[in-house]
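A look at the structure
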6 protein chains.
Amino acid sequence: MSASGPAPATRRLAELSGTAAGAALSADSIVVLPTGAIEHHGPHLPLMTDHLIADSVSNAAVDAAAAAGLDIWILPTIAYTKSDEHHWAPGTMWIGWDTLMQTVVELGSSIAAAGATTLVFFNGHGGNLALLQVACRELRRRFGLQTFLMGATVPAGAHDGPEELGLGIHAGHAETSLVLHLRPDLVDLSLAERSVPEHLADFEHIGFKKRVTFGWLSNDFGTNGTLGDPTGASAAYGRELFDLSVAQAVEAFAEIARFDPAGAPR
Amino acid sequence: MSASGPAPATRRLAELSGTAAGAALSADSIVVLPTGAIEHHGPHLPLMTDHLIADSVSNAAVDAAAAAGLDIWILPTIAYTKSDEHHWAPGTMWIGWDTLMQTVVELGSSIAAAGATTLVFFNGHGGNLALLQVACRELRRRFGLQTFLMGATVPAGAHDGPEELGLGIHAGHAETSLVLHLRPDLVDLSLAERSVPEHLADFEHIGFKKRVTFGWLSNDFGTNGTLGDPTGASAAYGRELFDLSVAQAVEAFAEIARFDPAGAPR
Amino acid sequence: MSASGPAPATRRLAELSGTAAGAALSADSIVVLPTGAIEHHGPHLPLMTDHLIADSVSNAAVDAAAAAGLDIWILPTIAYTKSDEHHWAPGTMWIGWDTLMQTVVELGSSIAAAGATTLVFFNGHGGNLALLQVACRELRRRFGLQTFLMGATVPAGAHDGPEELGLGIHAGHAETSLVLHLRPDLVDLSLAERSVPEHLADFEHIGFKKRVTFGWLSNDFGTNGTLGDPTGASAAYGRELFDLSVAQAVEAFAEIARFDPAGAPR
Amino acid sequence: MSASGPAPATRRLAELSGTAAGAALSADSIVVLPTGAIEHHGPHLPLMTDHLIADSVSNAAVDAAAAAGLDIWILPTIAYTKSDEHHWAPGTMWIGWDTLMQTVVELGSSIAAAGATTLVFFNGHGGNLALLQVACRELRRRFGLQTFLMGATVPAGAHDGPEELGLGIHAGHAETSLVLHLRPDLVDLSLAERSVPEHLADFEHIGFKKRVTFGWLSNDFGTNGTLGDPTGASAAYGRELFDLSVAQAVEAFAEIARFDPAGAPR
Amino acid sequence: MSASGPAPATRRLAELSGTAAGAALSADSIVVLPTGAIEHHGPHLPLMTDHLIADSVSNAAVDAAAAAGLDIWILPTIAYTKSDEHHWAPGTMWIGWDTLMQTVVELGSSIAAAGATTLVFFNGHGGNLALLQVACRELRRRFGLQTFLMGATVPAGAHDGPEELGLGIHAGHAETSLVLHLRPDLVDLSLAERSVPEHLADFEHIGFKKRVTFGWLSNDFGTNGTLGDPTGASAAYGRELFDLSVAQAVEAFAEIARFDPAGAPR
Amino acid sequence: MSASGPAPATRRLAELSGTAAGAALSADSIVVLPTGAIEHHGPHLPLMTDHLIADSVSNAAVDAAAAAGLDIWILPTIAYTKSDEHHWAPGTMWIGWDTLMQTVVELGSSIAAAGATTLVFFNGHGGNLALLQVACRELRRRFGLQTFLMGATVPAGAHDGPEELGLGIHAGHAETSLVLHLRPDLVDLSLAERSVPEHLADFEHIGFKKRVTFGWLSNDFGTNGTLGDPTGASAAYGRELFDLSVAQAVEAFAEIARFDPAGAPR
């Protein structure tokens with residue numbers, strides 16, 4: 001933003017007029033695009049869990065980063081994404097890999113046309129990660145955007161519930177605690193049940209984050225479609241996780257602001 | 001929802017768990033899918049104008065219809081849609097006709113898979129109307145859904161500003177008043193200017209709603225990309241328009257609930 | 001056509017050589033592309049009804065407009081279009097929304113490459129209207145064409161049969177009369193039957209041309225797949241309707257010839 | 001057509017009602033789909049040359065075959081096809097390989113849905129041949145149709161003009177004579193010029209019909225975009241060629257009627 | 001290759017570094033892209049038959065042509081292609097027409113970007129021929145490549161086994177002999193059986209290489225999915241056929257090196 | 001393979017006949033599909049580096065696993081894949097994300113049709129990983145295949161050259177050593193140069209394997225398009241790495257053979 005004068009009060013780009021957005025965005029600006037999901041999260045969490053988390057953390061982090069002086073803006077969260085692993089569950093509202101890819105490619109084109117050169121996908125749904133990695137490269141090649149991809153929260157693995165064996169990746173301790181913090185009215189802990197495919201720990205090579213990954217659907221594991229143990233979740237832990245996620249995102253944004261792959265300072 | 005017992009407090013489907021959503025939806029349920037847009041609305045209105053209006057009116061109308069006893073549910077608003085007529089304006093974030101079509105087809109498939117048979121597109125952006133009509137038929141044929149399409153507000157034509165000549169279709173009197181009512185902090189009336197292509201009134205056959213339509217971009221008219229006269233807009237009129245739009249939507253939902261193309265009562 | 005000398009006798013562009021077509025077309029030329037359909041029109045009308053009407057009216061209108069001095073040309077009628085609402089009926093030969101869209105986009109590209117800048121879709125099948133509206137904008141944006149869309153006949157609503165209640169939109173009084181005028185050998189009035197979903201008139205908001213539209217297939221209404229009352233159709237009324245449609249099209253072409261969205265005279 | 005009674009007078013399927021078409025078509029019926037083109041044919045022939053020839057020969061042949069007792073029907077000619085080799089020439093109206101493929105796949109689906117099992121592409125434009133071969137197999141696999149592909153005329157090679165060296169494949173002696181026979185008003189022989197890339201005869205392996213084929217555009221040869229020598233064309237020869245083409249097509253249809261790849265008589 | 005110095009020892013382009021490839025390729029270079037197939041070839045031949053033949057003949061021919069001084073390079077053989085006619089047979093690994101087309105279009109783009117202007121498809125699977133013809137034109141138009149298509153072997157028709165009646169086009173005398181020559185360990189002649197649809201010879205117009213072609217699947221003929229008579233195949237004949245095919249390919253490459261459609265010497 | 005009798009000598013599925021392949025594959029079989037790449041690997045390594053490594057390691061591992069009793073089969077390596085990050089470098093032969101995805105989806109369909117239910121992608125090019133993860137899930141959902149994805153070699157990170165700082169991911173110490181082992185004739189170490197973007201180590205959050213990933217092209221880093229330090233590479237280390245990779249792959253295959261996501265022993 002080369003113009004002088006006070007920065008707009010809001011960093012929600014869509015709250016600006018087009019005229020103001022065009023003036024606000026420059027090659028120094030970071031544009032954040034959160035991606036949620038509307039998908040089955042077991043009987044105890046709402047369909048909008050990923051959307052809620054991505055939206056909440058990203059907006060808080062952008063506000064904090066802007067307050068710290070970054071030229072950073074946030075777009076509305078994409079609600080419907082690639083939840084094909086939960087396609088079997090009523091309530092999952094999903095689009096296919098090609099439709100999501102086309103969507104983010106076209107939005108990337110719009111962002112580049114608006115004058116920005118840096119785009120950050122802020123993703124709340126693990127099932128989107130691989131495709132968004134593909135998109136990051138595609139947008140880099142086609143529109144010259146410097147693209148980044150980050151998860152909405154600190155890695156769940158580091159904050160698993162005590163009985164999750166590192167498998168708490170969907171509707172488990174972390175996500176349930178976060179929703180208890182953000183929207184306790186949407187959680188029914190009385191319906192929460194532990195759903196951990198412990199047998200996966202038997203494999204040395206195969207695993208969600210091991211050397212050999214595998215294509216899975218959430219009803220493959222003989223459980224209720226969740227992965228984790230929400231029974232011990234708490235709003236207090238959710239708040240801790242939320243604050244930590246925001247803080248780490250702010251740090252990441254600061255790095256993004258000075259990132260140059262060729263090594264020169266930006 | 002055939003089961004007895006109290007209805008859920010919320011009618012926002014994504015606030016339910018997948019388990020609850022599967023139980024809530026039946027062949028009697030109406031699912032409402034609002035469609036917004038993030039696009040240039042001149043120097044005085046925010047990019048999110050259409051999104052804001054579609055989201056606000058639809059949620060208010062669904063709540064009111066539910067209170068009146070309808071089995072009706074609402075999904076999160078699609079933020080990014082087919083704003084190609086404003087592609088030239090920085091800040092417009094748009095996807096193409098095929099991407100939007102694929103998106104709504106796949107969401108329709110998800111809705112049908114969840115057990116509902118009635119889908120209502122509640123549209124806040126005029127540029128989506130034609131494509132959503134195509135989608136209504138496609139979803140009817142492929143998934144058997146009974147589909148409907150309605151505008152988020154009462155027809156602007158009937159409520160044009162006095163100097164709009166029936167051309168106030170984008171960022172004019174009606175939309176500006178609505179945003180003044182809903183989010184006055186996002187309007188800067190000091191930047192509003194009349195932008196009416198009066199010469200279009202010279203044509204008997206050609207016009208936005210006449211016998212011969214034409215393909216236009218919002219920068220075709222020698223104006224600032226808006227169509228209408230926002231200078232006399234007011235929050236009071238915006239509230240009136242909002243209430244009227246909600247009321248008419250509730251009436252429409254009631255008709256949808258009893259609609260059967262074959263003539264038998266539902 | 002800037003060159004002096006007599007205009008070609010024919011206005012059927014495909015009857016010219018490529019060399020002559022290249023010389024004939026300029027930024028002042030209007031190119032008309034009729035769109036028909038091959039689809040079920042009940043037991044009394046031929047599958048080619050829409051094709052016949054679009055082709056006949058458009059050619060007559062172009063000839064008349066050319067005789068009146070317009071620089072106007074017509075292309076062969078597209079025979080197969082988006083008749084998905086009649087997909088259930090044997091004899092309906094249809095292509096999907098994406099195939100029709102791609103077809104007209106590529107033809108628009110060809111027309112622009114030939115030197116014309118104005119394209120008019122002259123449509124004989126109501127089921128194409130929404131998609132062709134989308135196409136009009138797409139062609140405007142991508143190739144700079146000034147695009148128009150008009151129905152082949154004057155609005156049926158204004159000329160409904162007495163018992164059609166405004167619902168005579170497919171194989172009813174108007175279309176049957178037109179075919180009786182154009183190709184009486186193809187009509188078997190003895191098989192004509194009234195097929196009017198009167199119950200639709202009960203709805204204030206929902207309807208083909210009301211505030212809330214709906215996605216329908218022609219076998220949704222508990223009828224024989226037609227909509228209207230052909231029993232009183234006549235060649236005399238068909239001729240009247242034909243002449244009126246031609247006359248209005250000629251008027252519309254004259255407006256198109258002087259149309260400029262920015263307000264300057266062309 | 002299992003029902004007794006007289007056959008319909010017309011064999012143009014689109015002239016029948018849908019009801020009649022459904023009754024007329026059976027597993028014994030042959031459906032003929034002609035494919036034309038609207039493309040540059042030099043300064044002396046109309047853009048519609050291929051369309052005219054495909055349409056005329058196919059309809060004459062179907063009428064003759066029907067008179068001889070075959071259960072055979074013809075659809076409207078597809079006007080716009082894959083004329084990409086003439087894309088450089090104003091007046092060429094073309095669609096891409098994928099659009100043409102999708103078109104014929106969807107029409108094949110429609111034909112199968114109508115009850116026929118045999119489809120014959122009757123092609124007037126050489127540039128479509130390869131793609132239609134691909135389509136023949138696709139339609140066989142996906143819809144079980146027995147598909148055939150034949151050229152509209154007897155092979156030009158056998159009837160080349162004396163100075164064509166076997167290269168008279170586009171707007172040369174044969175095509176020019178045919179149009180002189182069919183629509184002499186559309187030919188301007190005074191503009192015809194010999195356009196034969198004689199140097200191609202120097203190649204033993206490379207050639208239009210030799211062991212090594214090559215991808216060519218019609219402006220690759222240093223000529224006017226035609227291939228052949230129309231200067232000696234005549235209506236008399238055109239009539240001879242037309243009659244021969246019709247006669248051979250009738251013979252081919254008779255073979256098609258009794259063709260069974262598994263060897264059993266049909 | 002304009003640079004002086006010795007030519008690289010290998011003509012397998014993928015064995016060069018990118019740096020060397022960029023230096024090696026120029027507008028004078030010929031790039032050969034072989035296309036195989038992995039598909040059912042009866043009980044006696046391996047799935048990789050077409051791949052083996054295309055790969056072996058093309059590499060031998062390129063080596064010979066390079067030794068004779070041609071600026072010619074070869075790429076790795078595409079293994080998986082359009083084997084839809086054998087889709088019914090376990091072990092056939094195939095991609096659809098659109099996927100193969102996109103693949104070769106994108107590889108053509110890569111080849112053009114590397115500095116070459118001449119591309120030769122060297123095809124081992126007859127089922128690819130028509131689509132590759134389409135591709136040759138598409139690549140000519142879009143990237144300016146001079147494209148060629150040749151079969152990997154001399155036409156089987158000229159070298160049919162004595163009992164094949166010109167129908168030995170799949171796993172018959174020629175292919176079986178070639179594999180006996182190239183990889184005798186992969187042939188089990190004891191399982192070979194004659195599979196000739198002799199009844200096809202009854203048709204004057206319809207046939208694989210006659211005026212009327214047809215869409216066929218390899219299980220249409222009431223045989224074991226092969227077409228030909230492998231029972232008399234021999235390694236000796238295979239060697240003869242191989243040598244002849246290589247020799248003819250070398251001759252064809254020499255013609256390609258001097259080919260100019262406009263007639264000027266290259 | 002339920003039938004008794006000796007197993008085929010080869011585990012290269014394409015060396016079997018279709019008949020034998022159909023008999024060999026069962027729900028117990030593992031099918032391995034290697035994916036290579038033809039892409040720039042600096043001035044010292046061949047374009048086929050990834051192809052060579054994927055092909056060599058996978059075949060050796062499958063042979064070893066088969067010798068150990070596994071019911072495992074391997075398909076030909078896909079040569080051309082998604083090398084878009086090297087699109088700028090002559091010699092890179094790449095296809096887009098959608099084309100690769102369609103290719104593997106269609107091959108997955110073929111594999112499922114052949115009777116196998118387990119598919120392992122054995123990938124030699126890092127740029128394919130994300131997309132193949134997407135494919136693993138797509139194939140699981142659409143065809144019920146149990147899908148796996150593994151890298152061809154042990155993670156480079158664990159075996160980086162001493163000066164690579166964990167950034168030796170493309171044409172560095174590990175890959176160069178492997179090619180020195182497998183095909184020393186294709187390596188020119190005299191051209192090898194260290195190309196390590198050391199500045200990337202400055203970032204705590206952003207990195208190839210850190211919390212925030214980024215979209216990069218190989219010419220983004222101000223280097224020669226490689227990432228790593230090949231100067232100390234050796235055939236001896238290459239052999240060690242090869243053997244270790246084979247051994248780990250065999251272990252992984254054994255786990256795959258007994259993997260069941262639902263926890264029951266296979």
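Residues numbered from 1 in each chain as written. Chains lettered and ligands numbered in written order. Predicted model: local features only at pLDDT ≥ 70, side-chain atom pairs only at ≥ 80, totals over all residues. Heavy atoms only, no water.

**Some words on the relation of the copies chain B and chain C**
This is how it is decided: Only residues with pLDDT of at least 70 in both copies count here: their C-alpha atoms drive the least-squares fit that superposes the copies. Contacts between residues were defined by any pair of non-hydrogen atoms, one from each residue, lying within 4.5 Å.
Its rotation angle being 180 degrees, the transformation that places chain B on chain C also includes 0.0 Å of axial translation and leaves an RMSD of 0.0 Å. Taken together, these values place the two copies in the relation of a two-fold axis. Closest approach to the rotation axis within chain B is made by the C-alpha atom of B:Ala130, at a distance of 2.3 Å. A share of 100% of interface residues in chain B that are also interface residues in chain C marks the association as one of identical surfaces.

**Focus: unusual backbone geometry**
Residue and element names in this part refer to chain B. The condition is simple: Working definition: helices are DSSP H or I runs of at least four residues, strands are E runs of at least two. Numbering for both runs from the N terminus. Each residue gets one of three labels from its accessible area relative to the maximum for its type: buried under 20%, exposed over 50%, partly exposed in between, using a 1.4 Å probe on protein chains only.
Phi at Ala171 is positive, roughly 70 degrees, even though this residue is not glycine. Turning to its location among the elements, Ala171 is positioned in the loop between strand 4 (146-151) and helix 5 (173-182). Classification of Ala171 as buried rests on a relative accessible area of 0%.

**What about the packing of aromatic side chains?**
Between two aromatic rings, the relevant description is the distance of the centres plus the angle of the planes. Put simply, the rule reads: Here is the rule: rings of Phe, Tyr and Trp (six-membered ring for Trp) pair when centre to centre is within 6.5 Å. Planes less than 30 degrees apart are stacked, more than 60 are edge-to-face, and the remainder are tilted. Counting as a charge over the ring demands two things of the Lys NZ or Arg CZ atom: a distance within 6 Å of the ring centre and an angle within 35 degrees of the ring normal.
For the coordinates displayed, the defined rule picks out 57 aromatic pairs over all chains. Three or more aromatic residues joined by ring pairs form one cluster here, namely A:Phe148, A:Phe259, F:Phe203, F:Phe208, F:Phe214, F:Trp216 and F:Phe221. Geometry around C:Trp73 places C:Arg11 over its ring, the cationic atom sitting 4.8 Å from the centre.

**Section: the sheet that holds strand 5 (residues 213-215) of chain C**
The cut-off we apply is this: When DSSP finds two or more bridges between two strands, those strands count as paired. Fitted lines through C-alpha atoms give the axes, limited to the stretch in contact for helices. The angle between two N-to-C directions lies from 0 to 180 degrees.
Strand order in this open sheet of 5 strands is 2(B)-1(B)-3(B)-4(B)-5(C), and the pairing throughout is mixed. Of all the strands in the sheet, just strand 2 (72-74) of chain B together with strand 5 of chain C have a single pairing partner and so form its edges. Across the sheet, the axes of successive neighbouring strands diverge by a mean angle of 25 degrees, strand direction being ignored. Where strand 1 (residues 30-35) of chain B meets strand 2 of chain B, 3 bridges bridge the pair, whose relative direction is parallel. The partner of B:Val32 across the bridge, within strand 2 of chain B, is B:Ile74. Contacting strand 1, strand 3 (118-123) and strand 4 of chain B together with strand 5 of chain C, helix 4 (residues 129-143) of chain B runs over the sheet at an angle of about 165 degrees to strand 4 of chain B.

**Notes on the confidence of the model for chain A**
Residue and element names in this part refer to chain A. What counts here: Think of pLDDT as the predictor's per-residue confidence, scored from 0 to 100.
The share of residues in chain A with pLDDT of 70 or more is 93%, and the mean pLDDT across the chain is 93. Contacts from residues 1-5, a stretch scored under 50 in pLDDT, to residues over four places away or in other chains number 7 contacts. Two summary scores accompany this predicted model of the complex, namely pTM at 0.96 and ipTM at 0.95.

**Details of the nonpolar core**
How we decide: Nonpolar core, defined: a set of buried Ala, Val, Leu, Ile, Met, Phe, Trp, Tyr and Cys residues in which side-chain atoms within 4.5 Å join the residues together.
Counting 518 residues, the largest nonpolar core has A:Phe253, B:Phe253, C:Phe253, D:Phe253, E:Phe253 and F:Phe253 as its most contacted members. If we ignore the near neighbours within four places in the chain, the residues touching F:Phe253 are F:Ile30, F:Val32, F:Ala61, F:Val62, F:Ala65, F:Leu70, F:Ile72, F:Val120, F:Phe122 and F:Met150.

**Concerning the interface of chain B and chain C**
Often, the extent of an interface is quoted as the loss of accessible area on bringing the components together. Our working rule: Accessible area that two parts lose when put together, evaluated with a 1.4 Å probe and summed over both, is termed the buried area. The term salt bridge refers to a pairing of a side-chain nitrogen on Lys or Arg with a carboxyl oxygen on Asp or Glu at a separation within 4 Å. Definition of a polar contact: a pair of N or O atoms within 3.5 Å, with one able to donate and the other able to accept a hydrogen when the atoms are protein atoms, and with sequence-neighbouring residues admitted only if both atoms are side-chain atoms. All residues other than Ala, Val, Leu, Ile, Met, Phe, Trp, Tyr, Cys, Pro, Asp, Glu, Lys and Arg, Gly among them, are scored as polar; the first ten of these are nonpolar and the last four charged.
On the side of chain C, 57 residues touch chain B, which itself brings 57 residues to the contact. Of the roughly 5100 Å² buried between chain B and chain C, counting both surfaces, carbon and sulfur atoms make up 59%. Sorting the residues of chain B by area buried against chain C places B:Trp97, B:Arg137 and B:Arg211 first, and these three jointly supply 18% of that buried surface. With a closest N to O distance of 2.7 Å, C:Arg140 and B:Asp220 form a salt bridge. Along the contact surface separating chain B from chain C lie 28 residue pairs in polar contact (both at pLDDT 80 or more). Secondary-structure elements contributing two or more residues to the side of chain B that touches chain C are helix 3 (97-113), helix 4, strand 4, strand 5 (213-215) and helix 6 (235-258) of chain B. It is helix 4 of chain B that contributes the most residues to the side of chain B that touches chain C, 9 residues altogether. Of the residues belonging to the side of chain B that touches chain C, the class tally is 27 nonpolar, 14 polar and 16 charged. Direction of pairing for strand 4 of chain B relative to strand 5 of chain C: antiparallel, over a ladder of 3 bridges. Paired with B:Phe148 across the strands is C:Phe214, a residue of strand 5 of chain C.

**Some thoughts on the pattern of salt bridges**
Under the defined criterion, the tally for this structure stands at 66 salt bridges over all chains. Taking the shortest distance from any N to any O, the salt bridge between C:Asp185 and C:Arg183 comes out at 3.0 Å. The exposure class assigned to C:Asp185 is exposed, which follows from its relative accessible area of 54%. If you follow the salt bridges from partner to partner, you end up with A:Glu15, B:Arg183 and B:Asp185 in one network.

**Some words on the environment of F:Asp185**
Structurally, F:Asp185 can be placed in the loop between helix 5 (173-182) and strand 5 (213-214). Note: C-alpha distance between F:Asp185 and F:Leu241 (56 residues apart in sequence) is 19 Å.

**Some points on helix 5 of chain F**
Across the 10 residues that make up helix 5 of chain F, a large majority, 8, are buried. Contact partners of the buried residues in helix 5 of chain F: helix 2 (49-67) and helix 6 (235-258) of chain F.

**Some details on the sheet that holds strand 3 (residues 118-123) of chain A**
The mixed open sheet is built from 5 strands, whose spatial order is 2(A)-1(A)-3(A)-4(A)-5(F). With partners counted over all chains shown, the strands left at the sheet margins are strand 2 (72-74) of chain A together with strand 5 of chain F, one partner each. By the bridge criterion, 2 bridges tie strand 4 (residues 146-151) of chain A to strand 5 of chain F in an arrangement that is antiparallel. The sheet strands contacting helix 2 (residues 49-67) of chain A are strand 1 (30-35), strand 2 and strand 3 of chain A, and the helix crosses strand 2 of chain A at an angle near 155 degrees. The strands that helix 4 (residues 129-143) of chain A touches are strand 1, strand 3 and strand 4 of chain A together with strand 5 of chain F; relative to strand 4 of chain A, the one it contacts most, it runs at about 165 degrees.

**Concerning the environment of D:Ser56**
Residues and elements named next belong to chain D. Mapping Ser56 onto the fold places it in helix 2 (residues 49-67). Sequence separation between Ser56 and Val246 is 190 residues; the distance between their C-alpha atoms is 9.3 Å. Leave out the neighbours within four places in its chain, and Ser56 touches Leu182 and Phe242.

**So, the environment of A:Ala60**
Within the secondary structure layout, A:Ala60 lies in helix 2. For A:Ala60, the residues in contact, after removing those within four places along its chain, are A:Phe242 and A:Val246.

**Considerations on the packing of helix 3 of chain B against helix 4 of chain B**
All names here are of chain B. Inclusion rule: Rotating anticlockwise by less than a right angle from the far helix to the near helix defines a left-handed crossing, while the corresponding clockwise rotation defines a right-handed one.
Remark: helix 3 packs on helix 4, axes separated minimally by 10 Å, with the N-to-C direction vectors making an angle of 40 degrees. Here the hand of the crossing between helix 3 and helix 4 comes out right-handed. Residues Trp97, Leu100, Met101, Val104, Val105, Gly108, Ser109 and Ala112 of helix 3 pack against Leu131, Leu132, Val134, Ala135, Glu138, Leu139, Arg142 and Phe143 of helix 4. Among the residues making up the contact of helix 3 with helix 4, the classes are represented as 12 nonpolar, 2 polar and 2 charged.

**A short note on the interface of chain F and chain A**
Of the residues lining the interface, 57 residues belong to chain F; the matching set on chain A comes to 57 residues. Carbon and sulfur atoms make up 59% of the area that chain F and chain A hide from each other, which totals about 5100 Å². Area buried by chain F at its contact with chain A is led by F:Trp97, F:Arg137 and F:Arg211, which between them contribute 18% of it. Inspection of the chain F/chain A interface yields 4 salt bridges. Between chain F and chain A we count 28 residue pairs in polar contact (both at pLDDT 80 or more) in total. Those elements that place two or more of their residues in the side of chain F that touches chain A are helix 3 (97-113), helix 4 (129-143), strand 4 (146-151), strand 5 and helix 6 of chain F. It is helix 4 of chain F that contributes the most residues to the side of chain F that touches chain A, 9 residues altogether.

**Examining the side chain of B:Gln146**
Positionally, B:Gln146 belongs in strand 4. Given the relative accessible area of 8%, B:Gln146 is considered buried. Once residues within four sequence positions are removed from consideration, B:Gln146 is found in contact with B:Thr117, B:Thr118, B:Leu119, B:Arg140, B:Phe259, B:Pro261, C:Phe214 and C:Gly215.

**Thoughts on the pairing of strand 4 of chain B**
Residue and element names in this part refer to chain B. Here is the rule: Note on handedness: a crossover is taken as right-handed if, strands pointing away from the viewer, the path from the first strand over the helix to the second is clockwise.
Across the 6 residues that make up strand 4, a large majority, 5, are buried. Pairing geometry for strand 3 and strand 4, over 6 bridges, is parallel. Considered in strand 4, the bridge of Thr118 is made with Gln146. You can see the chain leave strand 3, run along helix 4 and come back into strand 4, and the turn it takes is right-handed.

**Some remarks on helix 5 (residues 173-182) of chain A**
Among the residues of helix 5 of chain A, A:His173, A:Ala174, A:Glu175, A:Thr176, A:Ser177, A:Leu178, A:Val179 and A:Leu180 are the ones counted as buried. Buried residues belonging to helix 5 of chain A abut helix 2 and helix 6 (235-258) of chain A.

**Digging into the packing of helix 2 of chain A against helix 6 of chain A**
All names here are of chain A. What counts here: Note that the term roughly parallel is reserved for angles under 35 degrees, roughly antiparallel for angles over 145, roughly perpendicular for angles of 65 to 115, and oblique for everything else.
Between helix 2 and helix 6, the shortest axis-to-axis distance is 9 Å and the interhelical angle comes to 50 degrees. Comparing their axes, helix 6 and helix 2 come out oblique. When the axes of helix 2 and helix 6 are compared, the crossing they make is right-handed. Residues Ser56, Val57, Ala60, Ala61, Val62, Ala64 and Ala65 of helix 2 form the contact with helix 6, whose participating residues are Phe242, Ser245, Val246, Ala249, Val250 and Phe253. For the contact of helix 2 with helix 6, a count of residues per class yields 11 nonpolar, 2 polar and no charged.

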